[in-house]
Amino acid sequence: MQLIDTHVHLNFDSFSGDLEAVRERWRQAGVSRLVHSCVEPSEFDAMRAIADRCPELSLAVGLHPLSAERWTPELGDEIERLAGSDDRVVAIGETGLDFFKADDRERQTAAFERHLQIATRLDRPVIIHCRDAADEMVRVLRDWRDRVGPLPRCVMHCWAGTPDEVKAFVDFGFYVSFSGIVTFKTAQAVRDSVVLVPDDRLLVETDCPFLAPVPHRGKRNEPAFVRAVAERVAELRGIDLETLARQTTENAQHCFKLPPSRALAA
């Protein structure tokens with residue numbers, strides 16, 4: 001059985017001392033590929049260095065909406081340049097809208113739309129962060145589709161919204177990725193959303209080092225824990241873990257245009 005963790009942040013300081021041990025644990029858990037997301041372009045060199053050590057790692061590049069105060073057109077040019085500079089870059093992001101901690105809506109929207117433009121031009125999927133902003137996200141996406149044309153492939157990462165909201169993004173044809181949140185006692189709306197995502201649009205992730213799933217709550221999250229996420233999602237969908245792993249692995253390969261997963265040599 002193989003799994004793909006579609007959203008990690010291994011460049012964070014919490015992994016600086018034991019990345020090799022973390023890698024061995026994800027391999028033992030059946031994680032055959034990972035997609036390393038990006039908070040801001042200045043991280044990219046460190047991300048590439050990790051991918052040099054861990055060839056199962058693919059990369060994304062973008063600007064997180066909570067860093068939107070740094071947004072300039074020149075930064076958009078830098079994201080596009082970096083995305084084209086390394087064939088390990090399989091996605092643009094993470095980007096999106098976050099009105100939980102910030103309300104610079106115009107700047108966030110401008111940055112997000114530029115990411116959509118870059119992804120369309122380079123034929124890459126967009127990794128979307130959306131927190132307390134689903135209605136505005138739908139409005140922006142509909143407006144983009146009406147003004148510009150078809151949307152690129154998109155992933156609603158670390159889904160934490162409601163069933164009605166997930167239906168809207170499924171209607172766009174987006175992928176929806178579930179994290180450890182699905183295991184939290186307070187996340188009933190997320191669990192209700194799990195069953196609404198089509199088989200061919202479902203993904204799993206850790207978003208490590210954040211949001212460690214039950215039974216690892218309170219610990220640093222790491223890619224090996226994506227198995228706990230997959231187990232809970234499979235249970236909610238009434239299928240066995242092997243089926244869920246196969247579906248989500250195939251979906252990740254299709255979305256990010258990854259090579260077929262294979263067991264890694266020890």
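Residues numbered from 1 in each chain as written. Predicted model: local features only at pLDDT ≥ 70, side-chain atom pairs only at ≥ 80, totals over all residues. Heavy atoms only, no water.

Novice: What is the right way to look at the overall build of the protein chain in this model?
Specialist: What the protein chain contains, in helices and strands, is 9 helices and 8 strands. The C-alpha extent of the protein chain, read off along each of the three principal axes, is 45 × 40 × 35 Å. Buried positions account for 59% of the 266 residues belonging to the protein chain. When contacts within the protein chain are restricted to residue pairs at least 6 apart in sequence, long-range pairs at least 24 apart make up 73% of them. Carbon and sulfur atoms make up 48% of the accessible area of the protein chain, which totals about 11300 Å². Here the protein chain carries 34 positive and 43 negative side-chain charges, and the mean point of each set is 3 Å from the other. (Helix = DSSP H or I, 4+ residues; strand = E, 2+ residues; numbered from the N terminus. Buried < 20%, exposed > 50% of the residue type's maximum accessible area, 1.4 Å probe, protein only. Contact = heavy atoms within 4.5 Å. Areas by Shrake-Rupley, 256 points an atom, 1.4 Å probe, with all protein chains shown as cover. Lys, Arg positive; Asp, Glu negative; His and termini not counted. Charge placed at Lys NZ, Arg CZ, Asp CG, Glu CD.)

Novice: I would appreciate a short explanation of the packing of helix α5 (residues 134-147) against helix α6 (residues 163-171) in the present structure.
Specialist: For any two helices packed against each other, one specifies the inter-axial angle together with the distance between the axes. With their axes 11 Å apart at the nearest point, α5 and α6 run at an angle of 15 degrees to one another. The angle between α5 and α6 falls in the class roughly parallel. For the pair α5 and α6, the crossing hand works out as left-handed. Only Glu165, Ala168 and Phe169 of α6 make contact with α5, whose side of the interface consists of Ala134, Met137, Val138 and Leu141. The class makeup of the residues in the contact of α5 with α6 is 6 nonpolar, no polar and 1 charged. (Axes fitted to C-alpha atoms, helices over the stretch in contact; angles between N-to-C directions. Parallel < 35°, antiparallel > 145°, perpendicular 65-115°, else oblique. Left-handed = near helix turned anticlockwise from the far one by under 90°. Nonpolar A, V, L, I, M, F, W, Y, C, P; charged D, E, K, R; others polar.)

Novice: Any chance you could explain the sheet that holds strand β1 (residues 3-8) here in plain terms?
Specialist: Paired through their backbone hydrogen bonds, the strands of a sheet run either parallel or antiparallel. Taken together, the 8 strands give an open sheet; going across it, the order is β1-β2-β3-β4-β5-β6-β7-β8, and neighbouring strands pair in parallel fashion. If you trace the sheet from one side to the other, it starts and ends with β1 and β8 (202-204), each paired once. Sheet twist, expressed as the mean angle between neighbouring strand axes with direction ignored, is 30 degrees. Sheet strands touched by helix α2 (residues 44-53): β2 (31-36), β3 (57-61) and β4 (89-98). Its angle to β3, the strand with the most contacts, is close to 170 degrees. Against the sheet, helix α8 (residues 226-237) contacts β1, β2, β7 (175-178) and β8, and its axis sits at roughly 145 degrees relative to β8. (Pairing = 2+ DSSP bridges.)

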